[in-house]
Amino acid sequence: MLRWIILFVFVVLVELYAFQAVKTLTRIKWVLIAYQVISLLIVVYIFYSFATQFDRSVGQNKHTLFTIGLLLITYIPKMLLMAFMFGEDIIRVIGGFLKEFSGTTNESFLTSRRKFVSQIALGAAAIPFLSLLYGMTKGKYNFKVHKKTIYYPDLPDSFDGFSITQISDVHSGSFDNHHEIEHAINMINEQKSDIILFTGDIVNTHADEMNPWIETFRSIETPQFGKFSVLGNHDYGEYVTWPSQKDKNENFEAIKDLHRQIDFKLLLNENVKLKKGDDEIALIGVENWGIGFKQAGDLVKASEGIKQTDFKILMSHDPSHWEHEVKTHRDNYHLTLSGHTHGSQFGIEIPGFVKWSPIQYRYKQWGGLYENVGRYIYVNRGFGFHAYPGRVGIWPEITVLELKKGPKVA
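Values in this document were obtained by computation on a predicted structure and should not be read as measured data.

A. Looking closely at unusual backbone geometry. We note that aspartate 201 has phi near 70 degrees; this positive angle belongs to a residue other than glycine. Mapped onto the secondary structure, aspartate 201 falls in the loop between strand 3 (195–198) and helix 6 (214–218). Positive phi, close to 60 degrees, is recorded for asparagine 332, a residue that is not glycine. Assignment of secondary structure puts asparagine 332 in the loop between helix 9 (319–326) and strand 9 (335–338).

B. Summary view of the nonpolar core. Residues Phe175, Ile181, Met210, Phe217 and Phe383 are the most contacted members of the largest nonpolar core, which totals 27 residues. If you list the elements that add at least two residues to this core, you get helix 5 (178–190), strand 3, helix 6 and helix 7 (245–261). Per-element accounting of this core gives the leading share, five residues, to helix 5. Each residue touching phenylalanine 175, except ones within four places of it in the same chain, is listed here: Lys62, Tyr141, Val170, Ile181, Trp213, Phe217, Phe383, Gly384 and Phe385. Counting 24 residues, the second-largest nonpolar core is a separate cluster that includes Phe225, Ile313, Leu335 and Leu403.

C. Local environment of the layout of surface pockets. Within this model, the largest pocket holds a volume of roughly 670 Å³. At the level of secondary structure, the elements contributing two or more residues to the lining of the largest pocket comprise helix 3 (62–102) and helix 4 (115–137). Residues that form the lining of the largest pocket fall into these classes: 15 nonpolar, 15 polar and three charged. Computed from the structure, the second largest pocket encloses a volume of approximately 480 Å³. Forming the boundary of the second largest pocket are 26 residues, of which Lys148, Lys355, Gly368, Leu369 and Arg381 lie nearest the centre. The biggest single contributor to the lining of the second largest pocket is strand 1 (residues 144–152), with seven residues.

D. Representation of the sheet that holds strand 4 (residues 227–229) in the model. Within the open sheet, the six strands sit side by side as 1-14-2-3-4-5. Their pairing is mixed. In the strand order of this sheet, the two ends are held by strand 1 and strand 5 (265–266), each with one partner. Relative to the sheet, helix 5 contacts strand 1, strand 2 (162–167), strand 3 and strand 14 (397–405), its axis offset from that of strand 14 by approximately 10 degrees.

E. Spatial organisation of the sheet that holds strand 13 (residues 375–379). Spatially, the six strands line up as an open sheet ordered 6-7-8-9-13-12, and their pairing is mixed. Each having just a single partner strand, strand 6 (270–276) and strand 12 (368–372) make up the two edges of the open sheet. The mean angle between the axes of side-by-side strands here comes to 20 degrees, regardless of whether they run parallel or antiparallel. Contacting strand 8 (312–315), strand 9, strand 12 and strand 13, helix 9 runs over the sheet at an angle of about 160 degrees to strand 13.

F. Quick peek at the packing of helix 1 (residues 2–25) against helix 2 (residues 29–52). Packing of helix 1 against helix 2 leaves a shortest axis separation of 11 Å and a crossing angle of 160 degrees. What the angle tells us is that helix 1 and helix 2 run roughly antiparallel. Read as a crossing pair, helix 1 and helix 2 show a hand that is right-handed. Contact with helix 1, carried on its side by Trp4, Leu7, Val11, Glu15, Ala18, Phe19, Val22 and Lys23, involves Leu32, Tyr35, Gln36, Ser39, Val43 and Phe47 of helix 2 and no other residues of that element. Residue composition of the contact of helix 1 with helix 2, grouped by class: ten nonpolar, two polar and two charged.

Conventions and cut-offs
- Residues numbered from 1 in each chain as written.
- Predicted model: local features only at pLDDT ≥ 70, side-chain atom pairs only at ≥ 80, totals over all residues.
- Heavy atoms only, no water.
- Helix = DSSP H or I, 4+ residues; strand = E, 2+ residues; numbered from the N terminus.
- Core = buried A, V, L, I, M, F, W, Y, C linked by side-chain atoms within 4.5 Å.
- Buried < 20%, exposed > 50% of the residue type's maximum accessible area, 1.4 Å probe, protein only.
- Contact = heavy atoms within 4.5 Å.
- 1 Å grid on protein atoms, 1.4 Å probe; cavity = no way out; pocket = protein on both sides within 12 Å on 5 of 7 lines; lining within 4 Å.
- Points joined across faces, edges and corners; volume = space filled by probe spheres on them.
- Nonpolar A, V, L, I, M, F, W, Y, C, P; charged D, E, K, R; others polar.
- Pairing = 2+ DSSP bridges.
- Axes fitted to C-alpha atoms, helices over the stretch in contact; angles between N-to-C directions.
- Parallel < 35°, antiparallel > 145°, perpendicular 65-115°, else oblique.
- Left-handed = near helix turned anticlockwise from the far one by under 90°.

So, to be careful, I would describe these as geometric facts and stop short of saying anything about function.
See below:
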């Protein structure tokens, strides 16, 4: 109850300060009334949705996605407005005390709000508003192909030039546009890679979320070395309350079967050997293993029959697995492919200049290629989206990696 009271007081303060910014710019009565009515309706809708629609027996759905998006697109700009207006109030109060101390008593304690401050505040607030709006309408399907070449001195000769297409974090229950997803699948097929790897989170929670998309994902062409996948943390149904353990188990089995239905070989703490000419490399797939998340992955079991000297590609959904176990493992896992972070679906990336996302304060490896003593991890930024129904600056990703034989290139 206390947290609801605190939240209510905070919302009232944000709304009051945001209204002050609008009121400073215009005195037109119908504009101010319209602003207040719209703001009230949004507040009521958000509170009602959180109180009635966020059901742990259902999990995330399109309604909750919309509510979270509406919350962010409304209150992030308004909180920025509040910061500007509160800052102005501090200056006004300081000015009032200075007048009192100087003996100036023929003026009011607080000066009037300045119009230009409100103009600056509204201009600043427009940036996150428009960015979040773009992210929810266009950005979530703004698929980008990221290509990297990685050099290994011990890569088997036959695999020189071997290409991998990686996707991760599909979250099919969030999709709402068949045309955009079909376009992304076409982009995958256009890469003509030797193998396609999917590193987990096929759904948000329920297996039936994928049903409308099975035929679309089945149209991913099977390359020479096949299509393989692993599970992510969302594939275990851990984030909802199930009627019974039996229902949860049945959903988990149905999720695993989805991979068969889209013609991917699901690796459950196991490995396969990829053979080319006289050479072979090991592809290893572990179940989810992450700090703060389910740890069903068993690297020892998944690596049975593999020698320390074998060239290894590991699929592990959560990059914290690489950080805490894989990167210094004595068995030398050459390349790990992960996802999970989504790059927070928000950030700034300008290659060669800026790479920032709030997720970097939680994960050391959160998007792109990282290296430790010749061992690499690539963290895919995610194919789909979750929670916030959009992407800003961190776009949905299709990864293409080429393995080359040769010394490490900086």
